[in-house]
Structure formats: structure tokens, C-alpha cells
Amino acid sequence: MNATSDAVNGRIDARLAELGIELPAVAAPLAAYVPALAHEGLVYTSGQLPTVGGELQGVGKVGAEVSAEAAKALARISAINALAAVKAQIGSLDRVTRVVKVVGFVASDPSFTGQPGVINGASELLAEVFGEAGAHARSAVGVAVLPIDAPVEVEIVVAYA
């Protein structure tokens, strides 16, 4: 599967349904920013937290209050929220031609060094949705704290036509 043929066939929504994923409404910003911005063929999302129905799905530091496995699932939720923000900007995920970049932040206990494994939750989701076009450059960064004590935050950049 590639995003170019999916755009022609209009299949990304069907792929999401196959995966059991329903895109949520875009989360309201917590401060002075927009959830996503389209500019010159790219959509940049703001950092997306692991919320479902407006409720944060976990709190605390990974490696302390939150397990790496639970944090990986939270990164997946954050990526789903990022896709919702992209769709709100360009109208259809079928227009996405490539996932360009993923940046993941992990609120980490000082001894935790598994940030890449946590952010795989987002990366693996994007590969499931977009196939080869979901392969991307990435940073996985450990931080002391994230907004509202979230364990993870994910932002993405996608190209679209």
C-alpha cells in the first residue's frame, strides 16, 4: 500500500476502519497556538497529547508511574490525534503523500532510556495507516515534564498534494 494509490482510490478512511481507528474531534489547544498548520505542501501539527474524549489517558513519568509498554500505547493515541489535526487542515488523509517527520517527547524518570521504543507506538501506527509512505525521519526525546503531566507528546509533519 502506498499513499499515492490510496489518494486515487480514496482508501485511507477504509484503512483506518480496518484498524479499528476512529479519528476524534481535534483537541482544543491548551495555550496560544493552532493544532495544525498547512504551508507549502506540508502540514505541521502541534504536539498532540494522548487524550480520548478530552480526557488524558495517563499521567506521570515513564519508567516510574507509567510503564514503557503503556507509554507506547499512549504514543499511538497521540499519533491518532495528530492525524485528526492533519485531516482537519487538508480535508482528507487521502491527500497525504508522505509522513516526513515525527517528533516524540517522553516525560521520563531520570533512569529511563527507552524513549525510542515508546515513540515506536506513533511510528508503527503511521506505517500501518500509510504503508511505505508512512516511513519517516524521527526524534524521540526524554524530557522532565510535559503539559498537564502527560507521559508522551507527539507531533508530525506530512506532505500532501
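Rules behind the numbers
Residues numbered from 1 in each chain as written. Predicted model: local features only at pLDDT ≥ 70, side-chain atom pairs only at ≥ 80, totals over all residues. Heavy atoms only, no water. Helix = DSSP H or I, 4+ residues; strand = E, 2+ residues; numbered from the N terminus. Expected span 1.5 Å × (residues − 1). Core = buried A, V, L, I, M, F, W, Y, C linked by side-chain atoms within 4.5 Å. Buried < 20%, exposed > 50% of the residue type's maximum accessible area, 1.4 Å probe, protein only. Pairing = 2+ DSSP bridges. Salt bridge = Lys/Arg side-chain N within 4 Å of Asp/Glu carboxyl O.

We now examine helix H3 (residues 68-90). Taking 1.5 Å per residue as the helical rise, H3 with its 23 residues ought to reach 33 Å, and the 33 Å between its terminal C-alpha atoms agrees with that figure. Trailing H3 by a residue or two, Gly91 shows a phi angle of about 90 degrees, which is positive.

Attention shifts here to the nonpolar core. Counting 36 residues, the largest nonpolar core has Leu83, Val86, Val118, Phe130 and Ile156 as the members making the most contacts within it. The element that contributes the greatest number of residues to this core is H3, accounting for ten residues.

Let's shift gears to the pairing of strand E2 (residues 42-45). Here E2 shows one buried face, formed by Val43 and Thr45, and one open face, formed by Leu42 and Tyr44. Sheet analysis places strand E1 (residues 36-39) next to E2, joined by four bridges and oriented antiparallel. Pairing of Leu37 across the sheet is with Tyr44, part of E2. Here E1 folds back onto E2, and the loop between the two strands holds two residues, one of which, Glu40, carries a positive phi near 50 degrees. Examined bridge by bridge, E2 and strand E7 (residues 152-160) share three bridges and lie antiparallel to one another. Counted as the bridge partner of Leu42 is Ala159 from E7.

On to the pattern of salt bridges, then. Counted by the stated rule, this structure contains five salt bridges. Here Lys61 ties to Asp149 by a salt bridge, and the two come within 3.7 Å at their closest N and O atoms. Of this pair, Lys61 sits in the loop between strand E4 (55-56) and H3 while Asp149 is found in the loop between strand E6 (137-143) and E7, placing the two residues 88 residues apart along the sequence. Given the relative accessible area of 31%, Asp149 is considered partly exposed. Note that Glu124 is salt-bridged to Lys72, the shortest N-O span being 3.1 Å. Of this pair, Glu124 sits in helix H4 (residues 115-130) while Lys72 sits in helix H3, placing them 52 residues apart in sequence. You can call Glu124 partly exposed: its relative accessible area is 36%. Look at Lys72 and you get partly exposed, because its relative accessible area is 30%.

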